[in-house]
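Here's the letter readout for the chains.
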Amino acid sequence: QVQLVESGGGSVQAGGSLRLSCVASGRTFSTYAMGWFRQAPGKERELVSGITWNYGSTYYADAVKGRFTISRDKDKKTVALQMNSLKPEDTAAYYCAHMKAPGALVINAFDYWGQGTQVIVSS
């Protein structure tokens, strides 16, 4: 079992910044990657960014490239998402997720999820 706890969501005006953090606990020794997903009302959950745990290779969705930065601290077992130049369309619940087995960063490959943190960007 892996437990994930997110923090850092909130409300911000367009152009502002937020930093999300996720702390992992439990059986984290077999982690291949961590990801940040988001889900807006009425929409499917989508991968925003991912990072491989050992090598730190990163992935970003086109919608956030150049604005969001993912990072991880292996010692503290945390993964963060720095979100800059936020837009109203970034408004969503953001979820941290754990991936155990190597492979493509697709939603079905993630096995543990946090409870989510809300991000609201006003225009």
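Residues numbered from 1 in each chain as written. Predicted model: local features only at pLDDT ≥ 70, side-chain atom pairs only at ≥ 80, totals over all residues. Heavy atoms only, no water.

Chemist: Whenever I open this one, the pairing of strand 1 (residues 2-7) confuses me. Can you help?
Modeler: Each regular strand shows side chains that alternate between the opposite faces of the sheet. Alternating positions in strand 1 separate cleanly, Val2, Leu4 and Glu6 being buried on one face and Gln3, Val5 and Ser7 remaining unburied on the opposite face. In terms of strand pairing, strand 1 meets strand 3 (residues 18-26) through six bridges, oriented antiparallel. Residue Ser7 lies in a different strand from strand 3, and its bridge partner there is Ser21. (Buried < 20%, exposed > 50% of the residue type's maximum accessible area, 1.4 Å probe, protein only. Helix = DSSP H or I, 4+ residues; strand = E, 2+ residues; numbered from the N terminus. Pairing = 2+ DSSP bridges.)

Chemist: Before we go on, may I ask you to explain the side chain of Thr52 in this structure?
Modeler: Along the chain, the position of Thr52 falls in strand 5 (residues 46-52). In this structure Thr52 comes out as buried when scored by relative accessible area, which is 12%. A polar contact of 2.9 Å, which involves the side chain of Thr52, links it to the backbone nitrogen of Ser57. (Polar contact = N/O pair within 3.5 Å; in protein donor to acceptor, adjacent residues only side chain to side chain.)

Chemist: How should I be thinking about the pattern of salt bridges in this particular structure?
Modeler: Applying the stated criterion across every chain, the model contains four salt bridges. The shortest N-O distance in the salt bridge between Glu46 and Arg38 comes to 2.8 Å. Connected via shared salt-bridge partners are Arg38, Glu46, Arg67 and Asp90. (Salt bridge = Lys/Arg side-chain N within 4 Å of Asp/Glu carboxyl O.)

Chemist: So what exactly am I meant to see when it comes to the packing of aromatic side chains here?
Modeler: Two numbers describe a pair of aromatic rings. These are the distance of the centres and the angle of the planes. Scanning the entire structure with this criterion turns up three aromatic pairs. Plain terms: the ring middles of Phe37 and Phe110 are 4.9 Å apart, the flat faces sit at 85 degrees to each other, and that makes the pair edge-to-face. Of the two residues, Phe37 is situated in strand 4 (residues 33-39) and Phe110 in strand 10 (residues 110-113); the sequence distance between them amounts to 73 residues. Neither residue differs from the other here; Phe37 and Phe110 are each classed as buried. Of the aromatic side chains, those joined through ring pairs into one cluster are Phe37, Phe110 and Trp113. Lying over the aromatic face of Tyr95, Arg45 brings its terminal NZ or CZ to 3.7 Å of the ring centre. Here the basic side chain of Arg45 rests over the ring of Trp113, its NZ or CZ set 4.9 Å away from the ring centre. (Phe/Tyr/Trp six-rings, centres within 6.5 Å; stacked < 30°, edge-to-face > 60°. Lys NZ or Arg CZ within 6 Å of the ring centre and 35° of its normal.)

Chemist: So what exactly am I meant to see when it comes to the nonpolar core here?
Modeler: For soluble globular proteins, nonpolar side chains are generally found buried alongside one another. Met34, Trp36, Phe68, Val79, Leu81, Met83 and Tyr94 are the most contacted members of the largest nonpolar core, which totals 27 residues. Of all the secondary-structure elements, those providing two or more residues to this core are strand 1, strand 3, strand 4, strand 5, strand 7 (68-73), strand 8 (78-83), strand 9 (92-99) and strand 11 (117-122). A per-element tally of this core places strand 3 first, with four residues. (Core = buried A, V, L, I, M, F, W, Y, C linked by side-chain atoms within 4.5 Å.)

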